[in-house]
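# Analysis of the macromolecular model
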Amino acid sequence: MTEQTISQIDTDIEDEVIPEGRWSIKDSIAPLLTFAVLLLIWEGCAIYLAIPTWLLPAPSEIAKAFIEWHGELWRHTLVTLWETLAGFALAIALAIPLAVLVVYSPFLRKCIYPLLLGLQSVPKVAIAPLLALWIGFGVLPKILVVFLVCFFPIVVATATGLSSVQPAVMDLIRSLSANQLQTFVKIRFPTAMPHIFVGLKIAITFAVIGAVIGEFVGAESGLGYLILASSSQARTPVAFAALVVLTIMSIVLYYAMEFIEKLAVPWAVGE
Amino acid sequence: MGKSQTVSFSSRESLMEESNKFLQERKRPERPTDKVVIEKLHKTYLTSSGRTVALQDVNLTIGKDEFVALVGPSGCGKSTLLRAISALIKPSKGKILIDGTPVSSPSNQVGIVFQQAVLLPWRTVLDNVLLPAEILRLNLVKARARARDLLNMVGLSGFEARYPGELSGGMQQRAAICRALIHNPSMLLMDEPFAALDALTREELGLELLRIWAAEKKTIVFVTHNISEAILLADRVVAMSPRPGRISEIISVDLPRPRALDMEFLPEFKSYSDRVRAVIGHS
């Protein structure tokens, strides 16, 4: 009855629209416009100041390189993408089980954590030449660099997540005499999921950098190799084109992770 | 919210009938069989600042299907006592018997409700209620039917497929109560279950709990720091005082049942609450 009266009143009132921070065209046009203006300034400077193409190519030169070299660019992109994804997958496959071991065994935690910290402190750029020395110049050393770069953030995020079960939830589960497997499957792992995704999102941005580092050290293919080869041959526009592809790859991979996160842990994303 | 209440209204009416019938049958037996016997219970903690006596020489007998409230200021050991009954902590000295058997590990005869609803955010309301049934490996078909009945009883029918994040605090706590009841335990242990809710929801849920209690026939141990809540709900109020945590006095509340909110204005109610207030002491 009261509901009816309220709804009658409602029709007489003009509802104020509360902005909800929703996506709007205006919001996405502003940065695009800024970007376009910057490109124009760059183009203008390159022509007006007569900067040689091998030093700093104008955006139009880079675009031209894209068209002329699209076949090569695509081939190298696939190599770098493969290295990135393989290394990332390997890191996930090893980091998550290790994090589980570390969380469940205080002894292992004492043994492994300092080692992990040491490993993380070693600059990966410095390891890459050694990997090349040991395994050669194929795809494998690059995958290993990616793995090394991704491993640590995933281990830490997973271990943190697995240990972040609220005390009251642990009490609840203990009061039901749940066994270790039930506790892990029903409580710990789902609780850790949002944390794991934080680690994965950090790792995926590192992964592309890792692949390029690996390729810089010694490679016959990949975008890192293409950048190195083109700049040494003064084909700077191609190097720039490869750089653009790398950037796009990084962004796409990051948003792909975010998309998977939304599907996998919808309860944690909305908050 | 409003919709759910109208939907469940008829079932609540029938619940009230059931509850009255139960109470007539019940008629406060002279000597109810003992459900919980606590003898000379001590609990001390070693902390960096020294030895803290959380519970000192606690003796308490709780009858079958009795509603007992443990009330006292923070630090009086009421939650510690509850956790000891649920075997989540081990006492330092003394013993606790449930149905005549010493308590050593958590029993599936006990359902627990905490101050926070602690629903799992990745499970729907129905799946949250079903969690104990899954862990205890009960027949899930039967458990699902019971879960729906329980949710209907607390006015949450229609919310089975919702996620906890979509529910108000009061609704979450209702779901938590259903979860504690899903495996049909004979005892319900509640640790300040309504303390995080606003005053109105708190009163509403208190009365709802009494209806559930009447329909489901459980022994309830209810921890609270709210004196009026304790008197309104319980058969006996166990008043505790801090440093060291101990029982000061046990007060039988002889208010008629079913209880109603306006009983708070009765002179007896006032004298009960004055007495509790006097014994627990505010230090």
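No experiment lies behind these values; they were computed from the predicted model shown. Once a new chain begins, its residue numbering starts again from 1 and follows that chain's sequence as written. By the order in which they are written, chains take letters starting at A while ligands take numbers starting at 1. Confidence filtering applies because this is a predicted model: local features only for residues at pLDDT of at least 70, side-chain atom pairs given and counted only at 80 or more, and all residues used for totals across whole chains, interfaces and linings. Excluding hydrogens and water, the side-chain values take into account all heavy atoms of the structure.

## What to know about the interface of chain B and chain A
What counts, and what does not: It only takes one pair of heavy atoms within 4.5 Å for two residues to be counted as in contact. When two components associate, each loses some accessible surface as probed by a 1.4 Å sphere; the sum of these losses over both components is called the buried area. Take a side-chain nitrogen of Lys or Arg and a carboxyl oxygen of Asp or Glu: if they are within 4 Å of each other, that pair is a salt bridge. Counted as a polar contact is a pair of N or O atoms within 3.5 Å, where, for protein atoms, one must be capable of donating a hydrogen and the other of accepting one, and residues adjacent in sequence contribute only when both atoms are in side chains. In DSSP terms, a helix is any run of H or I states spanning at least four residues, a strand is any run of E spanning at least two, and both are numbered starting from the N terminus. Think of it as three bins: nonpolar holds Ala, Val, Leu, Ile, Met, Phe, Trp, Tyr, Cys and Pro, charged holds Asp, Glu, Lys and Arg, and polar takes everything else, Gly as well.
The interface is formed by 21 residues belonging to chain B together with 19 residues belonging to chain A. In total, about 1800 Å² of surface goes out of reach between chain B and chain A, with carbon and sulfur atoms giving 66% of it. Of all residues in chain B, Leu-88, Trp-122 and Ile-135 of chain B bury the most surface against chain A, accounting for 35% of the area lost on that side. Across the contact surface, chain B and chain A share two salt bridges. Notably, a salt bridge pairs Lys-186 of chain A with Glu-134 of chain B, separated by 2.9 Å at the nearest N-O pair. Taken together, the connections running from chain B to chain A amount to five residue pairs in polar contact (both at pLDDT 80 or more). Residue contributions to the side of chain B that touches chain A peak at four residues, all from helix H3 (residues 125-135) of chain B. Grouping the constituent residues of the side of chain B that touches chain A by class yields 13 nonpolar, three polar and five charged.

## Some words on the packing of helix H5 (residues 169-181) of chain B against helix H6 (residues 199-216) of chain B
Residue and element names in this part refer to chain B. Selection criterion: Note on method: axes are straight lines fitted to C-alpha atoms, helices fitted across the in-contact stretch only, with angles between N-to-C directions ranging 0 to 180 degrees. The cut-offs work like this: below 35 degrees is roughly parallel, past 145 is roughly antiparallel, 65 to 115 is roughly perpendicular, and the gaps in between are oblique. Working rule for handedness: look at the near helix, and if it is turned counterclockwise from the far one by less than a right angle, call the crossing left-handed; if clockwise, right-handed.
In the contact formed by H5 and H6, the axes pass within 11 Å of each other and the chain directions differ by 20 degrees. Overall, the two elements H5 and H6 adopt an arrangement that is roughly parallel. Where H5 crosses over H6, the handedness of that crossing is right-handed. Residue-level inspection shows Gly-170, Gln-173, Arg-174, Ile-177 and Leu-181 of H5 in contact with H6, the latter providing Thr-201, Glu-204, Leu-205, Glu-208, Ile-212 and Glu-216. Grouping the constituent residues of the contact of H5 with H6 by class yields four nonpolar, three polar and four charged.

## Remarks on the packing of helix H9 (residues 180-217) of chain A against H3 of chain B
Where H9 of chain A contacts H3 of chain B, the axes come no closer than 12 Å and their chain directions differ by 165 degrees. As summarised for this structure, H9 of chain A and H3 of chain B are arranged roughly antiparallel, according to the angle between their axes. Regarding H9 of chain A and H3 of chain B, the two cross each other, and that crossing is right-handed. Side by side, H9 of chain A and H3 of chain B meet where Gln-182, Lys-186 and Ile-187 of chain A of the first sit next to Leu-131, Glu-134 and Ile-135 of chain B of the second. Residue composition of the contact of H9 of chain A with H3 of chain B, grouped by class: three nonpolar, one polar and two charged.

## Focus on the confidence of the model for chain B
Residues and elements named next belong to chain B. Rules: Along the chain, pLDDT gives the predictor's confidence residue by residue, from 0 to 100.
Averaged over chain B, the pLDDT score is 86; the fraction of residues at 70 or greater is 88%. Predicted confidence in chain B is weakest over helix H1 (residues 2-26), with a mean pLDDT of 54, and strongest over H3, with 96. A low-confidence stretch, residues 1-9 stays under pLDDT 50, and its non-local contacts, those more than four residues away or across chains, total 12 contacts. pLDDT under 50 marks residues 27-31. Its contacts with residues more than four places away, or in other chains, come to three contacts.

## So, a nonpolar patch on the surface
Residue and element names in this part refer to chain A. Applicable threshold: In this scheme, patches are assembled from residues that exceed 30% relative accessible area and form no salt bridge. Like charges are connected within 9 Å, while nonpolar side chains (Val, Leu, Ile, Met, Phe, Trp, Tyr) are connected within 5 Å. Exposure was quantified through the Shrake-Rupley algorithm and a 1.4 Å probe, taking into account, for residues, occlusion by the shown protein chains and nothing else. Exposed residues in this analysis have more than 50% of their type's maximum accessible area, buried residues have under 20%, and partly exposed residues fall in between, with area computed by a 1.4 Å probe over protein chains only.
A grouping of Leu-130, Leu-133, Trp-134, Ile-135 and Leu-140 is seen on the molecular surface, where their side chains present a nonpolar patch of about 550 Å² in accessible area. Within the fold, Leu-130 resides in helix H6 (residues 124-135). Overall, Leu-130 belongs to the partly exposed group, its relative accessible area being 39%.

## Some words on the nonpolar core
We apply this condition: We call a set of buried residues a nonpolar core when its members are Ala, Val, Leu, Ile, Met, Phe, Trp, Tyr or Cys and they connect through side-chain atoms within 4.5 Å of each other.
Core analysis: the biggest nonpolar cluster contains 96 residues, and Ile-154 of chain A together with Ile-38, Leu-70, Leu-81 and Ile-85 of chain B have the highest contact counts within it. For this core, the element with the highest residue contribution is H9 of chain A, accounting for 14 residues. Apart from the residues lying within four places of it in its own chain, the contact partners of Ile-154 of chain A are Phe-88, Ala-91, Ile-92, Ala-95, Ile-96, Gly-199, Leu-200 and Ala-203 of chain A.

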